[in-house]
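# An overview of the molecular structure
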Amino acid sequence: MKIIELKSTDSTNEYCKRVDCGQDIIVIAERQTGGKGTKGRSFSSEKGGLYLSVMRHYKSFPAQNAFRIMVDACAAVCRTLEELGIMPVVRWANDVLVNGRKISGTLIENSFSGGCITRSVVGIGINVNNNLPAALREIATSVKEQTGKRQDIKNITRIFINNLQKSYTLEEYKSYINYFGKTVLLKELSGEKQVVALDIDGGGNLIVSDCGVTRTISAAEVSLRL
């Protein structure tokens, strides 16, 4: 897979889409000026972090299997952090935490045709050596902070790209979730409430117990801080 390395770009996802000529590529930037998170949020992307997007094209990838793309992305992040001696936790569906604070996020943008995914652009940011804004220090962390030393970001990038080339199972993804059977805060459009997280199904839906009633959640935010 072709690798493109940039000093700076607005967003590695947007760069992928601009240069798309049907080839699978990996785009890495030292810095993003317009990094994107889920729900249109900005993603702090100062120099020192790892900002990478993978663009893949598919001939026959059923849309119903879309969560497999998230599984592979999050598991690759977790495997990389484990190789650095860090114990990660996946916060459904796309965030990776360490000691209760976010260290990585994933933004997936898929294109569809006839019930199939034709292209996926998977953007992943990992806080490595970058200094976090004061407003984020209580909820975010970095590899440098967790290990107590500055890291070789090129080496981490190499490890991460290697892990991105692998496929992972849903069970491997779920192995990084330590709050099944525990109370979490579910944030939906209708409001917030405490529920018990039970499982994640093959479609990527979160299964919860809400006052004793089992519910399947397809879109919401989960907070592990009650």
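Please refer to the structure placed before this passage.
The model shown is predicted, which means the values in this text are computed figures rather than measured ones.

Before going further, it helps to spend a moment on the pairing of strand E11 (residues 213-217). The pairing of strand E10 (residues 206-210) with E11 spans five bridges and is antiparallel. By the bridge assignment, Ile207 is partnered in E11 with Thr216. Counted between consecutive antiparallel strands, the loop separating E10 from E11 contains two residues, among which Cys211 sits at a positive phi close to 55°.

With 17 residues, helix H2 (residues 67-83) extends 24 Å from end C-alpha to end C-alpha; this agrees with the ideal 24 Å at 1.5 Å per step. Summarising burial for H2: twelve of the 17 residues are buried, a large majority. Buried within H2 are the following residues: Phe67, Ile69, Met70, Val71, Ala73, Cys74, Ala75, Ala76, Val77, Cys78, Thr80 and Leu81. Following H2 by one or two positions, Gly85 has its phi on the positive side, about 85°.

Moving on, we get to the packing of aromatic side chains. For the structure shown, the criterion picks out three aromatic pairs. With a centroid separation of 6.2 Å and an interplanar angle of 55°, the aromatic rings of Tyr179 and Phe180 are classed as tilted. With a relative accessible area of 4%, Tyr179 lands in the buried category.

This paragraph deals with the sheet that holds strand E7 (residues 116-126). Overall, mixed pairing links the seven strands, which are arranged E1-E2-E3-E7-E6-E5-E4 in an open sheet. The sheet is open, and its two edges are formed by strand E1 (2-6) and strand E4 (89-91), each paired on a single side. Each neighbouring strand pair of the sheet contributes to a mean axis angle of 20°, computed without reference to strand direction. Across eight bridges, strand E3 (residues 50-57) lies against E7 in antiparallel orientation. Bridge pairing links Met55 to Val121 in E7. Sitting on the sheet, helix H4 (residues 153-164) is in contact with E1, strand E2 (25-29), E3 and E7, with an inclination near 25° to E3.

Procedures and definitions
Residues numbered from 1 in each chain as written. Predicted model: local features only at pLDDT ≥ 70, side-chain atom pairs only at ≥ 80, totals over all residues. Heavy atoms only, no water. Pairing = 2+ DSSP bridges. Helix = DSSP H or I, 4+ residues; strand = E, 2+ residues; numbered from the N terminus. Expected span 1.5 Å × (residues − 1). Buried < 20%, exposed > 50% of the residue type's maximum accessible area, 1.4 Å probe, protein only. Phe/Tyr/Trp six-rings, centres within 6.5 Å; stacked < 30°, edge-to-face > 60°. Axes fitted to C-alpha atoms, helices over the stretch in contact; angles between N-to-C directions. Contact = heavy atoms within 4.5 Å.

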